[in-house]
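Observations on the model geometry
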Amino acid sequence: MTSHTILVVEDSPDLADSLYDLLEMNDFTPIIARNGKEGLALALEKKPDLVILDIRLPDIDGYEVYSQIRQDAAWGKTAKVLILTASESIENISKNVDLPIKYVLFKPELSVAELVEHIKERLAD
């Protein structure tokens, strides 16, 4: 069975490292981007099976990354994305991305087990 490649776009070093370890422990192949520009470049180059995207990033925000990914005709229009944020309202996210609400996750309320389940569910869609 081939491991799924997951790109994590997260500017918090501690959280990015923790997510990397979590993904690896669950037999995924993680790629980490520490800002929006790097995340966008890696997404378009690597075309991962899933992108876990923070909204608040130090250079270009997650909304712009999401929009640019969607503009890639070959891969981006159907790319699987999970939003993982601590600071945005669901209303604001809903205005800026066309994802079902179940693909928007909030950092403080999410357990490790729940995150892994959401990842598996999103990959299965």
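Up top you'll find the structure we're talking about.
The paragraphs below set out a description of the structure included in this document.

Analysis parameters
- Residues numbered from 1 in each chain as written.
- Predicted model: local features only at pLDDT ≥ 70, side-chain atom pairs only at ≥ 80, totals over all residues.
- Heavy atoms only, no water.
- Helix = DSSP H or I, 4+ residues; strand = E, 2+ residues; numbered from the N terminus.
- Buried < 20%, exposed > 50% of the residue type's maximum accessible area, 1.4 Å probe, protein only.
- Axes fitted to C-alpha atoms, helices over the stretch in contact; angles between N-to-C directions.
- Parallel < 35°, antiparallel > 145°, perpendicular 65-115°, else oblique.
- Left-handed = near helix turned anticlockwise from the far one by under 90°.
- Contact = heavy atoms within 4.5 Å.
- Phe/Tyr/Trp six-rings, centres within 6.5 Å; stacked < 30°, edge-to-face > 60°.
- Lys NZ or Arg CZ within 6 Å of the ring centre and 35° of its normal.
- Arc of directions from axis to C-beta.
- Polar contact = N/O pair within 3.5 Å; in protein donor to acceptor, adjacent residues only side chain to side chain.

Another point: unusual backbone geometry. The phi dihedral of D27 is positive, around 65°, even though this residue is not glycine. Within the fold, D27 resides in the loop between α1 (13–25) and β2 (29–33). A relative accessible area of 62% places D27 in the exposed class.

Before going further, it helps to examine the packing of helix α2 (residues 36–46) against helix α3 (residues 62–70). α3 packs onto α2 with a crossing angle of 20° between their chain directions and a minimal axis gap of 9 Å. Put simply, α2 runs roughly parallel to α3. Judged by the sense of rotation from one axis to the other, the crossing of α2 with α3 is right-handed. Here G36, L40 and A43 of α2 come into contact with α3, specifically with V65, Q68 and I69.

With that settled, the discussion passes to the packing of aromatic side chains. In total, this model carries zero aromatic pairs according to the counting rule given. The ring of Y103 carries R122 above its face, with NZ or CZ at 4.0 Å from the centroid.

Turning our attention to the environment of D98. Counting through the fold element by element, D98 comes out in the loop between α4 (90–96) and β5 (104–106). Separated by 32 residues in sequence, D98 and Y66 place their C-alpha atoms 9.5 Å apart. In contact with D98, not counting residues within four places along its chain, are Y66 and R70.

Within α3, the full set of buried residues consists of G62, Y63, V65, Y66, I69 and R70. The buried residues of α3 occupy one face: seen down the axis, they fall within an arc of 160°. For α3, the elements touching its buried residues are α2, β3 (50–53), β4 (81–85) and α4.

Since the α-helix advances by 3.6 residues per turn, residues separated by three or four positions end up pointing in the same direction. Here α2 has its buried residues at G36, G39, L40, L42 and A43. Buried residues along α2 cover an arc of 170° about the axis, so they all sit on one side. In this structure, α2 carries K37 and E45 as exposed residues pointing more than 90 degrees from its buried face. Buried positions along α2 lie against β1 (5–9), β2 and α3. Between a side-chain oxygen at the N-terminus of α2 and the backbone nitrogen of K37 the separation is 3.2 Å; the capping residue is N35. Immediately downstream of α2, the backbone of K47 shows phi near 50°, a positive value.

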